[in-house]
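# Chain and residue survey
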Amino acid sequence: MSPDPFRLRDPLRARAFADLLARHAPPRPVRIVHVCGTHEITIAQHGLRELLPDGVEVLEGPGCPVCVTSTRDLDRAVKLAESGAIVCTFGDMTRVPGTRRTLAEARAEGADVRVVLSAADAVTIAREHPDRPVVFFAVGFETTAPGTAAVLLEGPPANFSVLCTHKLIPPALSALMSTPPVHIDAFLAPGHVSTVIGARAYAGVAERFHVPIVIGGFEPLDVLYALWLALRELREGRAEVVNAYPRAVTADGNRRAQELLARAFEPCDAVWRGIGTMPASGLRIREDLARWDAERRFAIEGEPEEERPPGCRCPDVLMARAVPADCPLFRTACTPLSPVGPCMVGAEGACHVWYRYGGRPKL
Ligand code: SF4
């Protein structure tokens, strides 16, 4: 039986967790980083930061797939659309600023850019337009990548291809811990990614960097429970992977999804917007599926990396070194209607979430 969601939002239990958090907080400032826009939404929407003891900070790192898609990849998608291909992607991606323009702006000038909910939708469009190239601009982490893999392995039509920018979470955690200055004491790992990769997938990171990693669900009490376990580990000097979301996550994850990923993709270095290249943090389409790889099929290059607008703190926000309110453009020059940086575009971007709910609202 699935848990009653209202019990997982019970304010009295949340207060009890606040007491536990206060009792187990180490006697020093602590920074816990999550890499998941859905966690940020839960934390901000339910005012969970108000329940944290003094000195305990929770920040969002590179957890929004839209925010971390590099300008180079975005520019490639724009160029493909401008060259006559039908470019299909998720809604938020059409609004992310590239070097010259967004996909939505390219569409306004006549390019054929379509919003889809899945790779399978893009295949349907390819079947409907056999005389035109149809490119699926694939973004997202281990949660969306199996859907792209399944489509590639099913043998889509010849006019279909994938511009693959899928990224992997565990290598991103390693890169965050390897890029000085590092101010991360523990990770709250994303529940949905973990359903695919399994709890064991984080063991190497926890061990190598001696950092606690607690996998958390998405209801308010899920998050508080996971934070409590992270604080307890820190206080006791442990650095283990703990699965605080066992109703959805197992030690080994979803073997079928992992098999699809392994058959369709191989790991590659990937550029994360605002961060740079992270080793083995991306997925590239395997050689035997190359005929559906837009990168191999079309000669498309991105523009040189853009200059950041003056004052923009997106790289610091994506590296969990700043919160949105630290950016001078937040809520002034940069809003969801007029985003300056990618963190304000995606519904899971830290700046977008803070704009909607506020980062530290009173309960
Ligand atoms: S407020 Fe805008 S410019 Fe500043 S960090 Fe956020 S997205 Fe980037």
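Look up: the structure comes first, before these words.
All residue numbers refer to positions counted from 1 along the written sequence of the respective chain. In keeping with the model being predicted, local features are shown solely for residues with a pLDDT of at least 70 and side-chain atom pairs are shown and tallied solely at 80 or more, while totals for entire chains, interfaces and linings include all residues. To get the side-chain values, take all heavy atoms of the structure and skip hydrogens and water.

## A look at the nonpolar core
In plain terms, the rule: Put simply, a nonpolar core is a bunch of buried Ala, Val, Leu, Ile, Met, Phe, Trp, Tyr and Cys residues held in one set by side-chain atoms that sit within 4.5 Å of each other. Buried, partly exposed and exposed residues are distinguished by accessible area as a fraction of the type maximum, computed with a 1.4 Å probe on protein chains only: under 20%, between the cut-offs, and over 50%, respectively. A run of H or I in DSSP becomes a helix once it reaches four residues, and a run of E becomes a strand once it reaches two; helices and strands are each numbered from the N terminus. Contacts are assigned to residue pairs with any non-hydrogen atoms lying within 4.5 Å of each other.
Membership of the largest hydrophobic core comes to 100 residues, with the highest contact counts inside it found for Phe 160 and Phe 265. By residue number, the principal contributor to this core is helix 8 (residues 169-178), which donates 6 residues. Not counting the four nearest positions on each side in its chain, Phe 160 is found in contact with Ala 119, Ala 122, Val 123, Ala 126, Val 134, Phe 136, Val 151, Trp 292 and Arg 297. In this structure, Ala 25, Leu 48, Val 214 and Leu 229 belong to the second largest nonpolar core, which totals 28 residues.

## Some points on the packing of helix 1 (residues 11-24) against helix 11 (residues 220-236)
Put simply, the rule reads: Under this scheme, a helix contributes an axis fitted over its contacting stretch, all axes are lines through C-alpha atoms, and angles between N-to-C directions fall in the 0 to 180 degree range. Orientation categories follow fixed angle ranges, with anything under 35 degrees roughly parallel, anything over 145 roughly antiparallel, 65 to 115 roughly perpendicular, and all other angles oblique. Crossing chirality is assigned from the near helix's rotation relative to the far helix, an anticlockwise turn below a right angle marking it left-handed and a clockwise turn marking it right-handed.
Here helix 1 crosses helix 11 at 15 degrees, and the two axes come no closer than 9 Å. The orientation of helix 1 relative to helix 11 falls into the category roughly parallel. Considering only the axes of helix 1 and helix 11, their crossing is left-handed. Each of Arg 13, Ala 14, Phe 17, Leu 20, Leu 21, Arg 23 and His 24 in helix 1 lies in contact with helix 11, whose residues at this interface are Leu 221, Leu 224, Tyr 225, Leu 227, Trp 228, Leu 231, Arg 232 and Arg 235.

## Notes on unusual backbone geometry
Residue Pro 180 is joined to Pro 181 through a cis peptide bond whose omega torsion reads -5 degrees. Structurally, Pro 181 can be placed in the loop between helix 8 and strand 7 (186-190). Backbone geometry places His 210, a non-glycine residue, at a positive phi of 50 degrees. Looking at the element boundaries, His 210 is found in the loop between helix 10 (203-209) and strand 8 (213-216). His 210 sits in the exposed class, given a relative accessible area of 53%. Unusually for a residue other than glycine, Arg 331 sits at a positive phi of about 70 degrees. Along the chain, Arg 331 turns up in the loop between helix 14 (314-318) and helix 15 (350-357).

## Overview of helix 6 (residues 119-128)
Under the convention used in this document: Of all possible arcs, the one meant is that of the directions from the helix axis to the C-beta atoms.
Within the span of helix 6, buried status applies to Ala 119, Ala 122, Val 123, Ile 125 and Ala 126. What you see down the axis of helix 6 is that its buried residues fit within an arc of 160 degrees, all on one side. Of the exposed residues in helix 6, the ones pointing more than 90 degrees away from its buried face are Arg 127 and Glu 128. The inward-facing, buried residues of helix 6 contact strand 3 (86-89), strand 4 (112-115), strand 5 (134-138), helix 7 (145-153) and strand 6 (160-164).

## What to know about the packing of helix 2 (residues 37-45) against helix 15
Working note: a packed helix pair is described by the angle between its axes plus the distance between those axes. Packing of helix 2 against helix 15 leaves a shortest axis separation of 10 Å and a crossing angle of 20 degrees. On the basis of the axis angle, helix 2 is roughly parallel to helix 15. You can see that helix 2 and helix 15 cross each other, and the crossing is right-handed. Contact residues: helix 2 offers Glu 40, Ile 41, Ala 44 and Gln 45, while helix 15 offers Val 353, Trp 354, Arg 356 and Tyr 357.

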